[in-house]
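Report on the structure
Residue-level listing of the chains:
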Amino acid sequence: MAAGGGRYFCTAGRGLEPFLAREVRERLAATEVDCISGKVFFSTEAEPSELRRLRAGERLFLLLKKHTPLAVSGNKGMALIPSPGSSPLACSQRKILHDIKCFVIEEPEYWLDVVSVWRNFHGGEGKKDDVSQANRLPLKRKAEEETAPVTKRQETEQARETLSEDCQVEAGERCVESERKSDQDYWTESKASLEDPSRISGEKPIASEQCSFSFRVSCRCSGAIAKILTSQEIGRAIGIALMKQFGWRADLRDPDLEVIFVHLNDIHSVVGIPLFRLPLANRDYIKIAGLRSTVAWAMASLAEISAGACVLDPMCGLGTILLEAAKEWPEACYWGADISDSQLEGADVNIITAGLVDKIELFKASVKALPLPSDSFDAVISDIPFGKKFKITKDTELLPDILREMERTGLQRVSILFPQCGGKMARKVK
């Protein structure tokens, strides 16, 4: 496998898979693009700087394994005679763990090839990444530990004692690694691979030139397999198998290889290595977070913004849509309106942080009566606040007035985000 090229997958929020698939084709000249719920698989020869520019994706991984779901129902192999005192369930668990370990560590040479590509992306140094050597921990966790180290330790110990199995198994299929899941992932990883395999099995790790290489495992499972095994049990088994196969060592706090990501469900079995420590969705130019940046970018892409276009967000909030649009299509001009002083203040902070003061203008106005002439903008883009965090009253009564005013000011295209089937969907109105 050549450096700078390979097979990848990128996680995406619900409904954003088509946007991401189109983006990897256009931005990365990707081939073998395959979409499933929450993930897009593709091949590309793009360099790291180009991969970092993906805007519709959440996290990017080097693909190690992609397979059909592991057989759980039917329990093939259950002809095994349970040992005295062992239940059929325990026997089934051992069989499935054995299958998982075989699936994960088969083709060890390919593992080493992928790790070599990962090293090349990071200049041959395992511990060089998005943050400096002095800031190895994820920013949120580091900040929490610096401000309240004792509390953090107490919470971790309490989690180890009380965390239930329900917390380890995701019922949904949203495959987005976010800061909200850091506590769960840490629990899974803390259970994975802590024990020395030589003490458990009597075997010594295979001698290898990469014996000093350290790693940690993050495992998620749902569906049939989650009814038999927990994520931490699977993660622990995989960690031990990797130590025995390659002689690597587990390191939960400061690993060379940040996370070996394993996702098992009724649709597929996937193993990957995150290419970058921080999610692609983290925008360093957004100081105050509002609408998810990936969703904002997808909405802006629907507007088909061209050079010299005038774009309006009449309910701009913290300005995320305008920021994403201005960063991607800098040759257009942007205006944002909102009735809330606090939202406009936050948007102004974001605009200054992003260095887009000369590109985005803000003004206070009600979306029901914009002080603008008709057909004065080439595109109107907006996230109508029908969500849980921000919600306007009498939604159904106001919606016709809002849409009429947007269509009045938008000369060519109007793109809005609105709730549908429990989620939010971006639609092109004009």
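Our subject is the structure that appears above.
One structure accompanies this document, and this report is about it. (Residues numbered from 1 in each chain as written. Predicted model: local features only at pLDDT ≥ 70, side-chain atom pairs only at ≥ 80, totals over all residues. Heavy atoms only, no water.)

1. Section: the nonpolar core
Ranked by internal contacts, the top residues of the largest apolar core, which has 64 residues, are F42, I100, I234 and L242. Here this core takes eight residues from helix 9 (residues 231-246), the largest share from any one element. In this view, I100 contacts L70, I225, L229, I234, I238 and L264; residues no more than four positions away in its chain are not counted. Judged by nonpolar contacts, the second largest core, of 25 residues, contains I286, I321, L322 and L417. (Core = buried A, V, L, I, M, F, W, Y, C linked by side-chain atoms within 4.5 Å. Buried < 20%, exposed > 50% of the residue type's maximum accessible area, 1.4 Å probe, protein only. Helix = DSSP H or I, 4+ residues; strand = E, 2+ residues; numbered from the N terminus. Contact = heavy atoms within 4.5 Å.)

2. With respect to the pairing of strand 7 (residues 257-264)
Regular strands place their side chains on alternate faces of the sheet. Along strand 7, eight of the eight residues are buried, which leaves the element largely enclosed by surrounding structure. Of the strand pairs in this sheet, strand 5 (residues 214-221) and strand 7 are connected by six bridges, and their pairing is parallel. Paired with C221 across the two strands is L264, which belongs to strand 7. Relative to strand 8 (residues 269-274), strand 7 is paired through four bridges, and the arrangement is antiparallel. Of the residues in strand 8, the one forming a bridge with L264 is S269. Hairpin connection between strand 7 and strand 8: a loop of four residues separates the two successive antiparallel strands. (Pairing = 2+ DSSP bridges.)

3. Section: the sheet that holds strand 5
Spatially, the eight strands line up as an open sheet ordered 2-3-1-4-8-7-5-6, and their pairing is mixed. The sheet terminates laterally at strand 2 (31-36) and strand 6 (249-250), the two strands that pair on one side only. Along the sheet face, helix 1 (residues 17-28) touches strand 1 (6-11), strand 2 and strand 3 (39-44) and points at about 10° away from the line of strand 3. Packing against the sheet, helix 4 (residues 108-121) makes contact with strand 1, strand 4 (60-67), strand 7 and strand 8, and its axis sits at approximately 170° to strand 4. (Axes fitted to C-alpha atoms, helices over the stretch in contact; angles between N-to-C directions.)

4. Describing unusual backbone geometry
A positive phi angle, close to 50°, is found at E32, a residue other than glycine. Mapping E32 onto the fold places it in strand 2. One non-glycine residue, E304, adopts positive backbone phi at about 50°. Looking at the secondary structure, you find E304 in the loop between helix 10 (293-302) and strand 9 (310-313).

5. Quick notes on the pattern of salt bridges
In total, this model carries twelve salt bridges according to the counting rule given. The closest approach of N and O atoms between R27 and E23, which form a salt bridge, is 2.9 Å. Of this pair, R27 and E23 are both found in helix 1, four residues apart, which corresponds to roughly one turn of the helix. Note on R27: relative accessible area 17%, which makes it buried. (Salt bridge = Lys/Arg side-chain N within 4 Å of Asp/Glu carboxyl O.)

Structural measurements only, silent on function.
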